[in-house]
Amino acid sequence: MTTAIQPASGGGGGLDRPSPTGLADVIDTILDKGLVIDAYVRVSLVGIEVLTIDARVVVASVDTYLRFAEAVNRLDLTETETGGVPELIDDMREGGSKSKTKGAAQGVLEAAGEKMRDFTGDRDESKKSAARRKRRDEEE
Amino acid sequence: MSTAGTAQQTTQEQHVGYYVYGIVPSDVELTEDARGIEDRDIQLIRHGDIAAMVSEISIRAAIGRPEDLAAHERLLDATAPEAPVLPFRFGSVMADADAVTEHLLEPNHDTFTAALKELEGRTEYIVKGRYDEKAILEEVLAENEEAAGLRSQIRGKDEITTRDLRMELGEIIHEALDAKRTSDTNELAEAISDHAVAHSVLAPTHEYDATHLAFLVETARRESFEKCVDDVARERQGRINFRLLGPLAPYDFVVTQR
């Protein structure tokens with residue numbers, strides 16, 4: 001089924017502190033960021049540059065709209081458990097191929113995320129210290 | 001024969017490049033377990049007050065696998081709490097050590113030094129918030145009569161005849177979420193920014209994103225910052241699920257100016 005909308009982890013507390021970061025986080029965090037080597041002429045801190053949220057990622061599309069409507073429909077189903085079954089079957093018939101593709105794509109993404117987590121399992125150890133300041137050591 | 005040695009060296013030179021992770025102050029010392037892409041040793045190429053963190057890389061290597069991205073970030077994030085670091089974009093490679101000095105460190109010595117000084121004792125955190133689907137949809141439906149009306153019109157009907165109505169409902173929800181995202185982002189930025197030096201609004205990465213914010217935080221104030229985010233998250237529990245990434249290298253506060 002299309003459960004495309006799930007927080008990465010629905011922990012009990014208000015705040016989730018993922019120590020081994022998943023692939024999606026790594027990509028979000030570092031891709032297209034940092035200094036560019038062939039244009040390193042000048043460097044400066046962005047400072048407080050508040051960018052307006054553009055629709056770069058959250059693109060409005062027919063698919064998005066229908067997905068929202070589908071989610072609302074799911075609310076109905078959970079609220080009125082009885083009588084929901086025929087709709088469910090309809091859903092599966094109508095959107096069968098579509099949701100299958102989506103499900104598969106998502107499966108891959110999640111699998112990659114899992115792998116990443118395995119891979120970065122030892123991340124914290126190496127994370128503790130990659131560098132040290134000479135100056136600071138001397139001061140202390 | 002001496003020519004054979006030279007030839008071999010030349011071949012080697014052609015195949016090995018220097019992958020640049022970032023710039024740090026020259027008084028930084030690496031710990032022995034510092035590793036980079038392909039599990040290579042990290043080297044520092046020093047020049048004046050600054051140094052480039054590099055590792056050898058095979059020119060023919062096809063990098064870009066998840067572990068390569070993770071190695072890049074891991075080294076920079078492990079460095080950030082210890083020393084200021086100017087992160088380079090993933091995949092920055094220079095021909096050899098001389099090129100790093102001559103074309104990167106020398107011409108940019110003063111600007112890099114100044115930028116590192118600004119970053120001294122500061123690291124980045126990313127706060128990601130995502131709406132709870134059920135909670136936020138119910139909120140939108142409760143606030144928007146038109147959406148609620150469409151919902152009851154659609155209820156129990158088949159997909160084909162209600163396509164236009166569902167499109168309409170979806171568009172209303174999309175717009176409502178957009179507005180909520182903007183106001184929640186502003187509200188959260190304001191609530192947290194007292195504990196940070198600077199913040200930057202990042203593009204949402206998911207249609208249910210409530211907020212995606214980067215903060216530059218004084219190392220000395222990390223605890224109060226984390227506590228503040230924790231409080232903010234607790235207050236919104238059930239409506240927004242929060243995740244806090246960091247401390248990280250200042251990816252969102254360093255830019256190249258052309």
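Anything mentioned here points back to the structure above.
Conventions used here
Here the residue numbers are simple positions, counted from 1 along each chain's written sequence. Whichever chain is written first is A, and whichever ligand is written first is 1; the rest continue in order. Reporting of local features is limited, given that this is a predicted model, to residues whose pLDDT is at least 70; pairs of side-chain atoms are given and counted only at 80 or more, and all residues count toward the totals for whole chains, interfaces and linings. Calculation of side-chain values draws on the structure's entire complement of heavy atoms; hydrogens and water are dropped beforehand. Ring pairs are drawn from Phe, Tyr and Trp, using the six-membered ring of Trp, whenever the two centres fall within 6.5 Å, and their geometry is named by plane angle: stacked under 30 degrees, edge-to-face over 60, tilted for the rest. Partly exposed describes any residue whose relative accessible area lies between the buried limit of under 20% and the exposed limit of over 50%, with all areas from a 1.4 Å probe on protein chains only and scaled to the type maximum. Where helices are involved, their axes are fitted lines through C-alpha atoms of the stretch in contact, as for all axes, and angles between N-to-C directions lie from 0 to 180°. For helices the rule is a DSSP run of H or I covering at least 4 residues; for strands it is a run of E covering at least 2, with both sets numbered from the N terminus onward. Working rule for angles: under 35 degrees goes down as roughly parallel, over 145 as roughly antiparallel, 65 to 115 as roughly perpendicular, anything else as oblique. A contact between two residues is defined here by any heavy atoms of the two lying within 4.5 Å. Two strands make a pair as long as DSSP finds a minimum of two bridges between them.

This part is about the packing of aromatic side chains. Residue and element names in this part refer to chain B. With the rule as written, the count across this model stands at six aromatic pairs over all chains. Ring geometry for Y19 versus Y21: centroids 4.7 Å apart, planes at 55°, classification tilted. Neither Y19 nor Y21 differs from the other in exposure class; each is buried. When its relative accessible area of 0% is taken as the criterion, Y19 is described as buried. Each residue in the set Y19, Y21 and F90 is aromatic and connected to the rest through ring pairs, giving one cluster.

This part takes up the packing of helix α4 (residues 133-143) of chain B against helix α6 (residues 163-193) of chain B. Residue and element names in this part refer to chain B. Following both chains from N to C, one finds α4 and α6 inclined at 105°, their axes separated by 10 Å at the closest point. Considering their axes alone, α4 and α6 lie roughly perpendicular with respect to each other. Within the contact between the two elements, α4 uses I136, L137, E139, V140, L141 and E143 and α6 uses L169, I173, A176, L177 and K180.

Turning next to the pairing of strand β3 (residues 43-47) of chain B. All names here are of chain B. In terms of strand pairing, β3 meets strand β4 (residues 50-58) through five bridges, oriented antiparallel. Within β4, the residue paired with Q43 across the bridge is V54. Hairpin connection from β3 to β4: two residues lie between these consecutive antiparallel strands, with G48 at a positive phi of about 60°.

Let us look at unusual backbone geometry. All names here are of chain B. Between G246 and the following residue, P247, the backbone shows a cis peptide bond with an omega angle of 5°. For E38, which is not glycine, the phi torsion reads 60° and is therefore positive. Within the secondary structure, E38 sits in the loop between β2 (28-30) and β3. Residue classification places E38 among the partly exposed positions, given a relative accessible area of 35%.

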